[in-house]
Amino acid sequence: MARIIVVTSGKGGVGKTTTSAAIAMGLAKRGHKTAVIDFDVGLRNLDLIMGCERRVVYDFVNVINGEATLNQALIRDKNCNQLYILPASQTRDKDALSQEGVGKILDELKKDFKYIVCDSPAGIEKGAHLAMYYADDAFIVTNPEVSSVRDSDRMLGILSSKSRRAEQNEEPIKEYLLLSRYSPDRVKLGEMLSVEDVQDILSLHLLGVIPESKSVLNASNSGMPVILDEKSDAGQAYADIVDRYLGEERPHRFIDEDKGFFRKLFGVK
Amino acid sequence: MSKNSNETPNALPILEFKSSNFSVPVLALSSNDLIAIQQQLQEKTSLAPEFFKNLPLVIDLQISNKLNCNIDIAALTTIIRKTGLLPIGLRGGNKQQNKQALDLLIPIYSVNNVATVEDPQKQQTPNPTPETVIRDTSTMLITQPIRSGQRIYATGDLIIMAQVSSGAEIMAEGNIHVYNTLRGRASAGIQGNTDARIFCFDLQAELISVAGNYKVSEDIEASVRNKPVQIYLQNQALIIQDLIQHH
């Protein structure tokens, strides 16, 4: 049975698209046929992060409007043949999406794909609403600071009351916390909330911590999901997250600062 | 009270008029702006759709008529029914409004005493069938966290087993129990019950209120924060007290 995962946060700039690209790639690399959809109509970004921006012909809105078939619009990833990208339209706005249209496309994708990752736009308006409406699982991406945590909490409230599962009284969406841009040094200085602080406020199952890392920016610039950079800390963090999501035990990393001088010198960057 | 002479084989009268008290909400109106009334009704009912569904109510026009806002009963009734409420009476209406109401088969009640209007003598005797008195004492139990932006309205007591996030709002006509951290806004006795209390395991609320008497976070003393407390009214002052008393 296919599962629909929404990557959402409420707040912008916390790493939703980076996360969507990374986990979609991670799931595909583990052999699961995966589609990743950019719901940010009008502010298309996922294609850049996935490095397929020059291969976009048709988009999500074209498919909804019946101007193209799903197969015409889906772009096969060049690094992994199990991964397909459905880009957003850059020339339209979020009103071009309809609940019915989105539902139809997701139903069609479910026949063929194991995982469907929905990259939600920021905010709680129509685009974000449609991205989460049909979800089975939700990855809540949060930065360790108060406004991001509060927006995530707001989004959790919407997930538990406005989703299809909530409306039809089905088993609720499974919610997972992804704490991104985490810096143990800054936590120690009191400049950032700690993992415990965030969990205390959100009381949510922690799927993983992604450290603040230069590798994320490098990956975005080169159009390669950061999970493919296996040497990087952020890449490893995402790999752990995918494994944990698939039910494997992985101890949490990147939560504590590197203490020893030698570990700093010789440890992973 | 009249008794029917026909009796069933087991000697019970087929029908019998009894007097009985019901607690019925009154919808007091102070405007004749039907669009505004409709909007506000929808807002209120959306707070607790299950509670308001098919809820009987008495329309009270004392204030609106005092303000010379003449309300068309037919149009008003349509609006009220559209929101899923069932008007079962009118009071405080003028002659024309009362006639309109009767045409719509809505009974008229006097302003002074709704319950005893048909049978003034019953007022002195105790209620013969106390078990028929309807009081809404239903308790709402919630086990999921209340997230920022969510609002919960309970017509009786409200028990929450999970946390209440900041930016969330919980309201109850009765008491509020939060067996976890309370970070949002909590209002007990929201319809004016001054005996209502708030109990919580860990007080970090943005606002607490009992029967309209409130304190914002800033006014809550550090000595009662982050611990189990109860909050109640005493001489119109909001008292916050440690739940665990140290002797």
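Residues numbered from 1 in each chain as written. Chains lettered and ligands numbered in written order. Predicted model: local features only at pLDDT ≥ 70, side-chain atom pairs only at ≥ 80, totals over all residues. Heavy atoms only, no water.

### Brief notes about the overall build of chain B
Phase 1: Broken down by element type, chain B carries five helices and 15 strands.
Phase 2: Across the 247 residues in chain B, those meeting the buried criterion constitute 37%.
Phase 3: The long-range share in chain B, meaning contacts at least 24 apart out of those at least 6 apart in sequence, stands at 37%.
Phase 4: With an accessible surface of roughly 14,400 Å², chain B has 51% of that area assigned to carbon and sulfur atoms. (Helix = DSSP H or I, 4+ residues; strand = E, 2+ residues; numbered from the N terminus. Buried < 20%, exposed > 50% of the residue type's maximum accessible area, 1.4 Å probe, protein only. Contact = heavy atoms within 4.5 Å. Areas by Shrake-Rupley, 256 points an atom, 1.4 Å probe, with all protein chains shown as cover.)

### Looking at the interface of chain B and chain A
Phase 1: Contacts between the two partners involve ten residues from chain B, matched on the other side by 13 residues from chain A.
Phase 2: A buried area of about 870 Å², summed over both sides, lies between chain B and chain A, and 32% of it is on carbon and sulfur atoms.
Phase 3: Looking only at chain B, the three residues that lose the most surface to chain A are Arg147(B), Ser148(B) and Arg183(B), adding up to 54% of its buried area.
Phase 4: Between Asp200(A) and Arg183(B) there is a salt bridge; the shortest N-O distance is 3.1 Å.
Phase 5: Put simply, chain B and chain A have nine residue pairs in polar contact (both at pLDDT 80 or more) between them.
Phase 6: Of the residues belonging to the side of chain B that touches chain A, the class tally is one nonpolar, six polar and three charged. (Buried area = accessible area lost by both parts, 1.4 Å probe. Salt bridge = Lys/Arg side-chain N within 4 Å of Asp/Glu carboxyl O. Polar contact = N/O pair within 3.5 Å; in protein donor to acceptor, adjacent residues only side chain to side chain. Nonpolar A, V, L, I, M, F, W, Y, C, P; charged D, E, K, R; others polar.)

### Section: helix H1 (residues 16–29) of chain A
Owing to its 3.6 residues per turn, the α-helix brings residues three or four apart onto one side.
Residues and elements named next belong to chain A.
Phase 1: In this model, H1 (14 residues) spans 20 Å end to end at C-alpha, consistent with the 20 Å of a helix rising 1.5 Å per residue.
Phase 2: In terms of residue burial, H1 counts as a mostly covered element, since 13 of its 14 residues are buried.
Phase 3: Once H1 finishes, Gly31 follows within two positions and takes phi at roughly 95°, a positive value. (Expected span 1.5 Å × (residues − 1).)

### Focus on the sheet that holds strand E11 (residues 198–203) of chain B
Residues and elements named next belong to chain B.
Phase 1: Spatial ordering of the open sheet is given by E5-E7-E9-E11-E14-E15, a layout of six strands whose pairing is mixed. For this open sheet the edge positions go to strand E5 (139–142) and strand E15 (237–242), each flanked by a neighbour on one side alone. Between one strand axis and the next, the sheet turns by 20° as a mean value, whatever way the strands run.
Phase 2: Pairing of E5 with strand E7 (residues 157–160), which is carried by four bridges, proceeds in the parallel orientation. The residue of E7 that forms the bridge with Ile142 is Ile160. (Pairing = 2+ DSSP bridges. Axes fitted to C-alpha atoms, helices over the stretch in contact; angles between N-to-C directions.)

### Remarks on unusual backbone geometry
Residue and element names in this part refer to chain A.
Phase 1: Phi is positive for Ser203, close to 35°, though the residue is something other than glycine.
Phase 2: Checked against the element boundaries, Ser203 lands in the loop between helix H10 (195–202) and strand E8 (205–211).
Phase 3: Given the relative accessible area of 38%, Ser203 is considered partly exposed.
Phase 4: The residue Phe254 is not glycine, and still its phi comes out positive at about 65°.
Phase 5: Classification of Phe254 by relative accessible area gives buried; the value is 17%.

### Some details on the pairing of strand E9 (residues 176–182) of chain B
Residue and element names in this part refer to chain B.
Phase 1: Burial analysis of E9 places five of its seven residues in the buried class, which makes it a mostly covered element.
Phase 2: In this sheet, E9 lies alongside E7 in parallel orientation, the contact comprising three bridges. In the sheet register, Leu158 faces E9, and the bridge partner there is Ile176.

### Regarding the environment of Lys16(A)
Residue and element names in this part refer to chain A.
Phase 1: Summarising the element assignment, Lys16 is placed in helix H1.
Phase 2: In the structure, Lys16 is positioned 106 residues away from Ala122 in sequence and 8.5 Å away in space, judged by C-alpha atoms.
Phase 3: Apart from the residues within four sequence positions on either side, Lys16 is in contact with Val7, Thr8, Ser9, Lys11, Asp119, Ser120, Pro121, Ala122 and Val141.

### Some remarks on the packing of aromatic side chains
Each aromatic ring pair is specified by the distance between its two centres and by the angle formed by the two planes.
Phase 1: Inspection of the entire model under this criterion finds eight aromatic pairs over all chains.
Phase 2: Ring geometry for Tyr84(A) and Phe113(A): centres 5.5 Å apart, planes at 80°, overall edge-to-face. One end of the pair, Tyr84(A), is in strand E4 (residues 83–86); the other, Phe113(A), is in the loop between helix H5 (99–112) and strand E5 (115–119), and 29 residues separate them in sequence. Accessibility assignment for this pair places Tyr84(A) and Phe113(A) in one class, buried.
Phase 3: Taking the centre distance of 5.7 Å and the plane angle of 80° together, the rings of Tyr176(A) and Tyr245(A) count as edge-to-face. In this pair, Tyr176(A) is assigned in strand E7 (residues 174–182) and Tyr245(A) in helix H12 (residues 233–245), connecting sequence segments 69 residues apart. Judged on exposure class, the residue Tyr176(A) and its partner Tyr245(A) are both buried.
Phase 4: An aromatic cluster of at least three residues, connected via ring pairs, comprises Tyr115(A), Phe139(A), Tyr176(A) and Tyr245(A).
Phase 5: Seen from the ring of Phe113(A), Lys33(A) lies directly overhead, with NZ or CZ sitting 4.9 Å from the centre.
Phase 6: Here the basic side chain of Arg197(B) rests over the ring of Tyr232(B), its NZ or CZ set 4.1 Å away from the ring centre. (Phe/Tyr/Trp six-rings, centres within 6.5 Å; stacked < 30°, edge-to-face > 60°. Lys NZ or Arg CZ within 6 Å of the ring centre and 35° of its normal.)

### Here's the deal with the sheet that holds E5(A)
Residue and element names in this part refer to chain A.
Phase 1: One open sheet holds the eight strands; their spatial order is E3-E4-E2-E5-E1-E6-E7-E8, and the pairing between them is mixed. Sheet topology places strand E3 (75–76) and E8 at the edges, where each strand pairs with a single neighbour.
Phase 2: One ladder, built from five bridges, connects E7 with E8; its direction is parallel. Each residue of the ladder has a partner; that of Tyr176, found in E8, is His205.
Phase 3: Strands in contact with H12 are strand E1 (3–8), E5, strand E6 (137–142), E7 and E8; relative to E8, the strand with the most contacts, it is inclined by about 165°.

### Digging into the side chain of Thr19(A)
Residues and elements named next belong to chain A.
Phase 1: Structurally, Thr19 is set in helix H1.
Phase 2: With a relative accessible area of 0%, Thr19 lands in the buried category.
Phase 3: Residue contacts for Thr19: discarding those within four places in its chain leaves Val7, Val141, Leu178 and Tyr238.

These values are about where atoms sit, not about what they do.
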